[in-house]
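# Fold and geometry: a report
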Amino acid sequence: MAEILSKPDYEASIAASLDKRMAWWREARFGMFVHFGLYSVLGRHEWAMAVESCPVQEYEKLADRFQPKPGAPKEWAKLAKAAGMKYMVMTTRHHEGFSLWDSKVNPYNSVNYGPKRDIVKEFVEACRENDLRIGFYSSLMDWHHPDGGAAAHDSAARKRFNDYTYALNEELLTRYGKIDILWYDAALPMQSWEGWNSLEMNQRLRAIQPDIIINNRSHLNEDFGTPEENVTADKNRDWEACMTFNGLSWGYVDAAQVAPYSYNAQRILRMLATCAHGGGNLLLNIGPAPDGSVPPEAVEPLKTVGRWLAQYGECAYGKVDRVAEDWFYVSQVCSVSIKGNTAYLWNWIWPTNGDFAVGGFTSKLKSARVLGSGVNLRFTQEKYRIVFNDVPKEPQDKIAGVAVIALEFEGKPEVVRFPTTLPMAIWLTAENH
Ligand code: GLC
């Protein structure tokens, strides 16, 4: 291993390779997060051990009841593929400290206990069979390791714990071939990159996997931001919103009871539109049941989204242009994503009265095409406004009720937010003074 770079030199070196390493990720848009571990057996959220003050020895017994059926990761990967997702990230070890692989440094693992199988290996194989990129979630916090808490105030414990953390990640990144994403989480109890030795750890891990993408949760900015449970664009860097399927838990919770809280296809598409609009990704979670089967409430919505993406994917995948806030104001019934000269309107409510317009445009429109239907909308363009004439009254998307209108402009599409000719602008101006 070459010498360890200083923080500024390290940041400059990863910035230099960022575009190349991130190329596939920036086009992927949609991935599956999988939270699976002993907490899946409990079915009360993956934080149950900590929040219920469960003693380590009692929690360890869950391992006997953790019996995922063979081939479970294949089910997840098939569903991810059917949903139009391009990558997966699985919890190789969550805060509970139980490793889902044959770890030599952590005997508390799924090969010594429970299923007596390497679930990480099964996951990797399932991803490869389905042509999905592979991400490893790796908790930094550890409630099982004897130094996991003491590391905060005892420097000898911290040294042991840092070495342990590195060794776990080194195993993950040396044993399974090419891994695409290292997804750290919960850098506690230490509160700084120095405390975790992240600068050295990440450099050494990158030396093993030079193309890897690392998230921002080891107290270093690294390659991308991770808004959690909210889809909020970051204007200044790559970002990926991670979302539970139900707003309640990442780990498994009773399928029948959680179904009413869960996303439907339309809500998922709304999130995806925000990601496409802001040039980010959506990492949508499933929490498989203790036997590893996919949570039933996720199946139909994800398959519907997949069928929709198969038809309209050009508005979602690929290199999008990150859009200025002004674009939120062209329509209240559409979201917008932009690629080159085309603005895609993701239409949430079809104009069944045949009457439709969008506002704020300053660039000249060439054509307006309803994706997948062959319908070209007739339009007239006024200053700032595009009025569509004779819009078919029938909603144009049969899959999810979300039609997409591709507006192709003569150049890069431009808009102004509330042009000065309109009352809204007067109101905004008045408020500003
Ligand atoms: C949080 C939680 C954790 C979950 C993660 C996903 O940090 O601690 O349970 O795995 O977010 O982003």
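What counts, and where the lines are drawn
- Residues numbered from 1 in each chain as written.
- Predicted model: local features only at pLDDT ≥ 70, side-chain atom pairs only at ≥ 80, totals over all residues.
- Heavy atoms only, no water.
- Helix = DSSP H or I, 4+ residues; strand = E, 2+ residues; numbered from the N terminus.
- Rg over C-alpha atoms; globule rule 2.2 N^0.38 Å.
- Buried < 20%, exposed > 50% of the residue type's maximum accessible area, 1.4 Å probe, protein only.
- Areas by Shrake-Rupley, 256 points an atom, 1.4 Å probe, with all protein chains shown as cover.
- Lys, Arg positive; Asp, Glu negative; His and termini not counted.
- Charge placed at Lys NZ, Arg CZ, Asp CG, Glu CD.
- Near = heavy atom within 4 Å.
- Polar contact = N/O pair within 3.5 Å; in protein donor to acceptor, adjacent residues only side chain to side chain.
- Nonpolar A, V, L, I, M, F, W, Y, C, P; charged D, E, K, R; others polar.
- Contact = heavy atoms within 4.5 Å.
- Domains from an automatic or database assignment.
- Buried area = accessible area lost by both parts, 1.4 Å probe.
- Salt bridge = Lys/Arg side-chain N within 4 Å of Asp/Glu carboxyl O.

## Observations concerning the overall build of the protein chain
Secondary structure assignment for the protein chain yields 15 helices and 14 strands. Over its C-alpha atoms the protein chain spans a radius of gyration of 24 Å, differing by no more than 12% from the 22 Å that the globule rule assigns to 433 residues. Overall, the protein chain is about 70 × 50 × 40 Å in size when its C-alpha atoms are taken along their principal axes. Out of the 433 residues belonging to the protein chain, those deemed buried represent 56%. For the protein chain, the accessible area works out to roughly 18,300 Å², and carbon and sulfur atoms hold 51% of it. For the protein chain, the centre of its 47 positive side-chain charges and the centre of its 53 negative side-chain charges are spaced 4 Å apart.

## Examining the site of the ligand
Taken together, 13 residues are adjacent to the ligand, and His 35, Glu 46, Trp 47, His 94 and His 95 come closest. Separating an oxygen atom of the ligand from a side-chain N or O atom of Trp 47 is a distance of 2.8 Å. Notes on the ligand: free accessible area 310 Å², of which the protein chains cover 91%. A class-by-class count of the residues in the shell around the ligand yields six nonpolar, three polar and four charged.

## Considerations on helix 7 (residues 119-129)
Along helix 7, the residues classified as buried are Ile 119, Val 120, Glu 122, Phe 123, Val 124, Ala 126 and Cys 127. Close packing links the buried residues of helix 7 with helix 6 (72-82), strand 2 (87-93), strand 3 (133-139) and helix 9 (155-175). The residue sitting at the N-terminus of helix 7 and contributing the capping side-chain oxygen is Asp 118; that oxygen lies 3.1 Å from the backbone nitrogen of Val 120. Two residues or fewer past helix 7, Asp 131 is found with a positive phi of approximately 60°.

## Regarding the domain arrangement of the protein chain
When the domains of the protein chain are assigned, the result is domain 1 (7-315) and domain 2 (325-428). Computed from C-alpha coordinates alone, the two centres of domain 1 and domain 2 are separated by 37 Å. Taken as a group, His 277, Tyr 312 and Glu 314 account for 37% of the area that domain 1 buries against domain 2, more than any other trio of residues on that side. Taken together, the links from domain 1 to domain 2 amount to one salt bridge. Here Glu 314 and Arg 369 are joined by a salt bridge, their closest N and O atoms 3.6 Å apart. Counting across the domain 1 and domain 2 interface gives seven residue pairs in polar contact (both at pLDDT 80 or more). Listed by contribution, the elements that provide at least two residues to the side of domain 1 that touches domain 2 are helix 13 (265-278) and helix 14 (296-312). Sorting elements by how many residues they give to the side of domain 1 that touches domain 2 places helix 13 first, with seven residues. Residue classes in the side of domain 1 that touches domain 2 are distributed as seven nonpolar, four polar and four charged.

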